[in-house]
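This is what each chain is made of:
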There are 4 protein chains.
Amino acid sequence: MPQIPVAVLGATGSVGQRFVSLLEGHPWFKVIALAASDRSVGQKYSQAMRWILNEPMPDYAKDMVVVPATVEAAQARIVFSALHSEIAKELEPQFAKAGMAVCSNASSFRQAADVPLLLPEVNADHIQLVKTQRTNRSWSGCIVTNPNCTSAGLTVALKALNDAFGVKKVFAVSLQALSGAGYPGVSSMDILDNVIPNINGEEEKVELEPRKMLGKLNENKIEFADIKFSAHTNRVAVLDGHTVCASVEFATLPPDVQSVLQTLSAYQASAGADELPSSPRPVIHVREEADRPQPRLDRLTGKGMSTVVGRVREDPLFHIKFVVLSHNTIRGAAGGSIYNAELLVNEGLL
Amino acid sequence: MPQIPVAVLGATGSVGQRFVSLLEGHPWFKVIALAASDRSVGQKYSQAMRWILNEPMPDYAKDMVVVPATVEAAQARIVFSALHSEIAKELEPQFAKAGMAVCSNASSFRQAADVPLLLPEVNADHIQLVKTQRTNRSWSGCIVTNPNCTSAGLTVALKALNDAFGVKKVFAVSLQALSGAGYPGVSSMDILDNVIPNINGEEEKVELEPRKMLGKLNENKIEFADIKFSAHTNRVAVLDGHTVCASVEFATLPPDVQSVLQTLSAYQASAGADELPSSPRPVIHVREEADRPQPRLDRLTGKGMSTVVGRVREDPLFHIKFVVLSHNTIRGAAGGSIYNAELLVNEGLL
Amino acid sequence: MPQIPVAVLGATGSVGQRFVSLLEGHPWFKVIALAASDRSVGQKYSQAMRWILNEPMPDYAKDMVVVPATVEAAQARIVFSALHSEIAKELEPQFAKAGMAVCSNASSFRQAADVPLLLPEVNADHIQLVKTQRTNRSWSGCIVTNPNCTSAGLTVALKALNDAFGVKKVFAVSLQALSGAGYPGVSSMDILDNVIPNINGEEEKVELEPRKMLGKLNENKIEFADIKFSAHTNRVAVLDGHTVCASVEFATLPPDVQSVLQTLSAYQASAGADELPSSPRPVIHVREEADRPQPRLDRLTGKGMSTVVGRVREDPLFHIKFVVLSHNTIRGAAGGSIYNAELLVNEGLL
Amino acid sequence: MPQIPVAVLGATGSVGQRFVSLLEGHPWFKVIALAASDRSVGQKYSQAMRWILNEPMPDYAKDMVVVPATVEAAQARIVFSALHSEIAKELEPQFAKAGMAVCSNASSFRQAADVPLLLPEVNADHIQLVKTQRTNRSWSGCIVTNPNCTSAGLTVALKALNDAFGVKKVFAVSLQALSGAGYPGVSSMDILDNVIPNINGEEEKVELEPRKMLGKLNENKIEFADIKFSAHTNRVAVLDGHTVCASVEFATLPPDVQSVLQTLSAYQASAGADELPSSPRPVIHVREEADRPQPRLDRLTGKGMSTVVGRVREDPLFHIKFVVLSHNTIRGAAGGSIYNAELLVNEGLL
């Protein structure tokens, strides 16, 4: 397969760096442009920012000169967007109109009726919505989005359970990593020996986004899943990896713990989404130890693309409670966008 | 008032140190014995262990020689117990039989039918149960317990709400401090850049203990409150202060946020429990900022005895959600036991 | 004594907050103005910033309206400056010219020949330099400075040793707290599970400032002490309290460890500097445990004004090595400025 | 090359786990026995302990049954020892006597006159000492040791400088990672928001071990290098990676910064030590940014085997100062022992 040229918008930030890292040696994609704000334009990528990942900066990126985030400067077939949502709202449609496929991590268009909000291992079929989008908006390109980082792992686990048993209510409390706030993000003075029990706008997203992804595509429209959510979101002193404590009430006769474990372990992505370069292997890794998953030890399961579930047990109020862990800047951000782009290619929708 | 002689059992551990610190300069109590395990017996207190509190070791304690935790060696009117529960189970009855009032932080007798489980600002009247206890067990002393550290703050907040509106269901997720695990307790390798999503036996306690404290004393028996709980408990990288995310369903017409705020702020301990040396002032401190309470900033509110509540808002699944913070080794352990002892004295039950 | 009106410039930052906190209930000083940058002007102090200290914001400050940092708006007898050095360079002379005594934590004038760089327990006599300053500059007010936070504790320990034995060379490596970088200061992504082995401009200050403070005031000039310094400065994940590892070579026959311990313990501030409200008690607290001082446990010794020294032992290369700890925003910043102001008042130099 | 059977003694501890991890897929070595204390014997390795590395436990080890650390139970050609030093002192000679090559991370024999203390990129020629050792002790096997984790990186940097310019005095202050203390090791209560300015016995090792490694093998004896060291050792809240601040005085005309940078970058291991499977690539990675090396970002340079040096600058007291970083459980422990074993094989000394 010939390599498809791609660009990264917002390439110097926390998620942008993750894109640059994950795209190194990608079998289908070749990075031809790194775009960022005026402050960085014209500089070599290696000098345009502070690299914050444990993994070293890939060689391919070091000498690339940062370009502006404009349609002219960042020409490519696929554009990965790590832009802030206000900027994304304005710029992403320009790229889509100019014929590029925008795979976006921004929240701006996640709830637009004709924009797919995708986790390919959950709702690969929703990608067909780009056809409607193209018709509606007269775009030759398109916008495809991935969910916010806290929703990602939770939704994967819920998908397996909803298919098998029907989920009705979900209580979710997150303990979120610092990288989710970008860089410099959270001040060290605010988080050392501390917890911040609030992340602006996050609870609303966790209460809404899974419902779209678990919904059904019906005649060019997504019918949201009829599941009620309540979320509390917290920031804790962890670098990467969001932990979510979840309690679930089922619509029907509640399953026993053993059935839940089997259902989660056995869950597979649908054909077409299961053998892409970024497909999680396994989709869900179930741990049975009493004290797992833990972010430091489990976040890189399946190269950071797997969802890790543990502590499955009965819930005295609802039916089942468990803990979900997911890597927030890989499965929950850059890795998710890349997986979306692979699905677009595979479905011939590029 | 003449000073009442008191002893501390388990004086070298994390909670024992907190007892020693809080009893410095107490207007009613005078520490006459510090007891610990064989390893420490015979040594000066200042050399028997590693002092881990931010506050310096009180002068009165430094040269006291550690004695064994026996009835003979630790004679006093009141005995504060920071013993491990297996040991407490065996030793505390010996002290009670010998005529001493045991104010215990151990879990061993919390669920015994004739032992009060006390938060004086919540259920001061339950202290009358010691009369039944004395009759039942032919003890001239008694055992009075305080709840586990995570239940403490949560129960205070629920008491105010239950009195006003009737609480039916509670979902609670904790982010607990390291000092709750004692010393050396949690390995640094386990918690730096990490979360541990489990604390052995804790969830069961949080699901049960508040029901006893919110219950009614009826003819020498506690009728447990008819409230259902579901708890997830987590350890995070915080030194002191347990944070609990709670969602509450009410029995009747749900109150609006403003009424909840007023109810919490206005809550008072009953007469007799409200003007003791350790009475929290205020009982509940309500914060209205979007990101409070935070353990580092708020744990010392009211000298660590107040319960701090914030982020009161509507819950899409239940009715109201909020965040509770309480200092786990002060209000949730040593400070709570001392407050219980003050109540015993005040009620003439010593 | 009637209360002296004081103002705080830069009152909303990390050091500014410490000034506001330490001035609560001060026996001599009464805060009449809190000044900050345009962003905060006109707001109530309690709403103008994020309060980051463990201690709650003092009541007196909450409703004060923030004023601009101008001579007109911040009229007082004494002005405490927590301004950034570039701004201090411009503004502080205006206040001094207008007749106010500026006690500054900024570095701008520390090395000016006619500006005292003061630690009252070290070089109280240098305060006489303000007379020269007033003559030179035709100011009715004056500027008095305190050293950078890392130099403070180190210089106190060196003063005691230099007086007794003559110090010739000092090797110093710091492990500095986050609060030294202000707020938001260091990103949590940069310091969790990490060390930053550099603090801009800090090594130069540590190699120079102690030499001025340990110098002699001779006919209106400071002769710098003839001591050579080498410094490495590091940032570590500690909230407050700078730790410095020091090795010292003496000019004469090197003292033994026991003499060093005695000399440090016995050190006193000179008359006039030893009984002020902020005088450290003791000046130096010597610890003999193998693993002290530690920032979390020892930074509040003497209300954060004492210098804590431990691990005094022979050095195989120089003569003696030890560890010094000092609270960076109290003894090393706001507390130091207030102590300087007290000395000014006491010497009749206001 | 046929695979050489190896065993790991002390396989369940912090360093033992690192051996198990690094030996996965080793081109020359095949793990046939994992030995540990009685508590673990008879259990599957995967259930015998808490795995603490970020990298998942290798599959090959999971089902291996832990054996006792005896000559009979842990038969192999090479034995890697992660034993505590008191136990190592007794057991390692038994293995050497039984014909096995013991590559040890324990300190017990590092200073024995006929035992090589090895960093192959520094003093590969010292390995010839095993011949003397075999003669002296009538062993068919041997013991070869690697230095303590703090000395490792420092000695590599000093070797390059000593060869080029002659080193005379070294001042070294460490900021050491938690994994160096094993597991559970340092209590979280001791290190969160804190520094521990002491590591038992460490300073003596740092002041002595480099002198042996930088010494000359002369007629079956090591002449220690004539370099004087002074060390301060500190524990900080970092998971892996020891940072050392070093100041160096040279014997001759001091080199300028540029020459030091070139010398460090150009340094190569001697032939025979430079192309082994674990040879660091590069031996020294020089960073020129103002704030590097940092443990989180740089510890995995060269798969954790490279020494990273940065902040090379003039020293006002000695000649040159710089910062060295080295991964303490890879280059400074398990990786170092494996590299030593590879050298033994390559030199035909097995």
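Residues numbered from 1 in each chain as written. Chains lettered and ligands numbered in written order. Predicted model: local features only at pLDDT ≥ 70, side-chain atom pairs only at ≥ 80, totals over all residues.

Novice: Please explain the sheet that holds strand E6 (residues 142-145) of chain B as it appears in this structure.
Specialist: Backbone-to-backbone hydrogen bonds join strands into a sheet, with any given pair of strands oriented parallel or antiparallel. Residue and element names in this part refer to chain B. Strand order in the open sheet made by the six strands is E3-E2-E1-E4-E5-E6, with parallel pairing throughout. Looking at which strands have only one partner, the edges of the open sheet turn out to be strand E3 (67-68) and E6. In this structure, strand E1 (residues 4-9) lies alongside strand E2 (residues 29-36), joined through six bridges in parallel fashion. The partner of Val6 across the bridge, within E2, is Val31. Sheet strands touched by helix H4 (residues 85-97): strand E4 (78-81), strand E5 (101-104) and E6. Its angle to E5, the strand with the most contacts, is close to 150°. (Pairing = 2+ DSSP bridges. Helix = DSSP H or I, 4+ residues; strand = E, 2+ residues; numbered from the N terminus. Contact = placed C-beta atoms within 7 Å. Axes fitted to C-alpha atoms, helices over the stretch in contact; angles between N-to-C directions.)

Novice: Could you clarify how one ought to interpret the interface of chain D and chain A in this entry?
Specialist: Interface size is commonly expressed as the accessible area that is lost once the parts come together. Contact with chain D, which involves six residues of that partner, is made by six residues of chain A. The class makeup of the residues in the side of chain D that touches chain A is three nonpolar, one polar and two charged. (Nonpolar A, V, L, I, M, F, W, Y, C, P; charged D, E, K, R; others polar.)

Novice: What exactly am I supposed to notice about the relation of the copies chain C and chain D here?
Specialist: The second copy of the chain is related to the first by a rotation about an axis and a shift along the axis. For these two chains of identical sequence, chain C goes onto chain D by a turn of 180° and a shift of 0.0 Å along the axis, with RMSD 0.0 Å. Accordingly, the operation relating the two chain copies is best matched by a two-fold axis. The residues that chain C uses at the interface reappear at the interface of chain D in 97% of cases, marking a shared surface. (Least-squares fit on C-alpha atoms with pLDDT ≥ 70 in both.)

Novice: Please clarify how the interface of chain C and chain D should be interpreted in this entry.
Specialist: Of the residues lining the interface, 36 residues belong to chain C; the matching set on chain D comes to 35 residues. Broken down by element, the side of chain C that touches chain D gets its largest block of residues, five residues, from strand E10 (residues 228-235) of chain C. In terms of residue class, the side of chain C that touches chain D is made up of 19 nonpolar, eight polar and nine charged.

Novice: Would you mind showing me how to read the relation of the copies chain D and chain A here?
Specialist: For the pair chain D and chain A, the relating rotation is 180°, the translation along its axis is 0.0 Å, and the fit reaches an RMSD of 0.0 Å. The overlap is high: 100% of the interface residues of chain D also sit at the interface in chain A, so the same surface is used on both sides.

Novice: Whenever I open this one, the domain arrangement of chain A confuses me. Can you help?
Specialist: Residue and element names in this part refer to chain A. Entries for chain A in the domain assignment read domain 1 (4-148 + 334-346) and domain 2 (150-327). Averaged C-alpha coordinates put domain 1 and domain 2 at centres separated by 24 Å. Secondary-structure elements contributing two or more residues to the side of domain 1 that touches domain 2 are helix H4 (120-123), helix H5 (129-137) and helix H11 (330-346). Ranked by the residues each element gives to the side of domain 1 that touches domain 2, the list is headed by H11, at seven residues. Residue composition of the side of domain 1 that touches domain 2, by class: 14 nonpolar, 12 polar and four charged. (Domains from an automatic or database assignment.)

Novice: It is not clear to me how the environment of Gly13 of chain B should be interpreted in this structure. Could you clarify?
Specialist: Tracing the backbone shows Gly13 of chain B in the loop between E1 and helix H1 (14-22). Sequence-wise, Gly13 of chain B and Pro184 of chain B are 171 residues apart; in three dimensions their C-alpha atoms are separated by 9.1 Å.

Novice: How do you make sense of unusual backbone geometry when you look at a structure like this?
Specialist: Trans is the common state for peptide bonds, and a negative phi is the common state for residues other than glycine. All names here are of chain A. Of the consecutive residues Arg281 and Pro282, the connecting peptide bond is found in the cis state with omega at -5°. Positive phi outside glycine occurs at Arg311, with the angle close to 50°. Within the element layout of this structure, Arg311 appears in strand E13 (residues 307-314). By C-beta crowding, Arg311 is classed as buried, having 21 other C-beta atoms within 10 Å. (Buried ≥ 20, exposed ≤ 12 C-beta atoms within 10 Å, placed from the backbone.)

Novice: Help me understand the sheet that holds strand E14 (residues 320-326) of chain D, please; the structure alone is not making it clear to me.
Specialist: All names here are of chain D. Taken in spatial order, the six strands make up an open sheet running E10-E7-E11-E14-E13-E12, and their pairing is mixed. The sheet is open, and its two borders are formed by strand E10 (228-235) and strand E12 (284-286), each paired with just one other strand. Ignoring strand direction, the axes of neighbouring strands in this sheet form an average angle of 20°. Inspection of the sheet shows E12 paired to strand E13 (residues 307-314) by three bridges, in the parallel sense. Directly across from Ile284, in E13, lies its bridge partner Thr307.

Novice: How should helix H8 (residues 202-213) of chain C be read in this particular structure?
Specialist: An α-helical segment advances 3.6 residues per turn. Residues three or four places apart therefore align on the same side. All names here are of chain C. The terminal C-alpha atoms of H8, which comprises 12 residues, lie 17 Å apart, in line with the 16 Å expected from a rise of 1.5 Å per residue. In terms of residue burial, H8 counts as a mostly covered element, since nine of its 12 residues are buried. Of all the residues in H8, the buried ones are Glu202, Glu203, Lys205, Val206, Glu209, Pro210, Arg211, Lys212 and Met213. The secondary structure elements touched by the buried residues of H8 are helix H4 (120-123), helix H6 (149-165), strand E7 (167-176), strand E9 (221-223) and E10. (Expected span 1.5 Å × (residues − 1).)

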